[in-house]
Amino acid sequence: MADKEGNIDAKDFGIGIEQKHEGFFLKGCQNLDWGMKSRLARVFNPKSGHAVMLAFDHGFIMGPTSGLERIDLTINPLLDYADCIMCTRGILRTLIPPTCNKPLSLRFDAGTTILTDLNDETLMDIEDAVRVDAALLASMVAIGDPAHEGSTIRNLTRTVDLGQRYGIPTLGVTAVGKNLVRDARYLSLASRVCAENGANVVKTYFCEENFERVTNSVPVPIVIAGGKKLPEMDALTMAYRAINAGAAGVDMGRNIFQSDSPVGMLLAVRSIVHDGQTPEQAFDLYTDYKNTHKA
Ligand code: R5P
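Not measured: the values here are computed from a predicted model. (Residues numbered from 1 in each chain as written. Predicted model: local features only at pLDDT ≥ 70, side-chain atom pairs only at ≥ 80, totals over all residues. Heavy atoms only, no water.)

Caption draft 1: Summary view of helix α13 (residues 279–292). The first and last C-alpha atoms of α13 sit 20 Å apart over 14 residues, in line with the 20 Å expected at 1.5 Å per residue. Its buried side turned inward, α13 meets α10 (232–244) and α12 (262–273). (Helix = DSSP H or I, 4+ residues; strand = E, 2+ residues; numbered from the N terminus. Expected span 1.5 Å × (residues − 1). Contact = heavy atoms within 4.5 Å.)

Caption draft 2: Layout of the sheet that holds strand β6 (residues 134–141). If you walk around this closed barrel you meet the 8 strands as β1-β2-β3-β6-β7-β8-β9-β10, and the pairing is parallel. The sheet shows a mean angle of 25° between the axes of neighbouring strands, direction not considered. Relative to strand β9 (residues 222–225), strand β8 (residues 201–204) runs parallel, the two being bridged by 3 bridges. Within the sheet, the bridge partner assigned to V202 lies in β9 and is I222. Those strands touched by helix α7 (residues 149–166) are β6 and β7 (170–174), and its axis lies near 165° from that of β6. Contacting β9 and β10 (249–252), α10 runs over the sheet at an angle of about 140° to β10. (Pairing = 2+ DSSP bridges. Axes fitted to C-alpha atoms, helices over the stretch in contact; angles between N-to-C directions.)

Caption draft 3: Local environment of the site of the ligand. Around the ligand sit 14 residues, and of these D57, H58, K203, G253 and R254 come closest. At 2.8 Å, a side-chain N or O of K203 approaches an oxygen atom of the ligand. A distance of 2.8 Å separates an oxygen atom of the ligand from a polar backbone atom of G227. Burial of the ligand by the protein chains amounts to 93% of its free accessible area of 360 Å². Tallied by class, the residues present in the shell around the ligand amount to 5 nonpolar, 4 polar and 5 charged. (Near = heavy atom within 4 Å. Polar contact = N/O pair within 3.5 Å; in protein donor to acceptor, adjacent residues only side chain to side chain. Areas by Shrake-Rupley, 256 points an atom, 1.4 Å probe, with all protein chains shown as cover. Nonpolar A, V, L, I, M, F, W, Y, C, P; charged D, E, K, R; others polar.)

Right under this line is the structure:
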């Protein structure tokens, strides 16, 4: 039997050699359980410490968003170039091939659309997130929204509780209401509230001034959303400035899939996020790719 045979020659105990114990590469995550860390290490590259997440969950509030009308045609060709995909379970099950083997940031909340009043959200069942092998549970908070601040914080809290139970980290997503200013003061408050309530990663927006105050006031990794489509050079500059101000990555949608060269943009963003390239170098990469891969 294997156990008897295995014990006969057991002698390599490495006496005098201290057992290796590694820290964990993401800030604020050193005390998490193994499953949480394993999932985070699938989303964030342990070498660079950073992640390029591709977001295409916009349809859950906006319907067939420009660039996402036919996800099979526009997003699936991009999957290979992303570190992580962020979408709803509906799109995942209907259009995303399980063979893509990318960690999933699952849109865990669902709610009202642009046709009514945004941010009135509910949560899906955790069992379904487990079923689709979610690596992150994305749950939105509407800090400063008098109608929905409380309910969305309750949703985040519930998400963290459920994620803890199954070892799935929570991505707190800060939604900024129409009448709120996206400045460092607001973004650091909203992001900090997410982390205080147990979010393991926070997704927020970049701001032109003092963004380092946002990253420094939050004890967990921050990824930035791209926001509305910008000229490519501006989007690359935003990604560069965010990373250099302490962001751990981007969770970008429209600035990728609405670009005239989505693969070129993804490669360019990757070069900034993982390889420390400048916006100019990244822009050259985007341009080269676009010019050599004309439709
Ligand atoms: C919005 O519905 C989602 O949270 C998006 O995932 C998020 O805003 C990132 O996409 P974009 O870069 O287009 O802002």
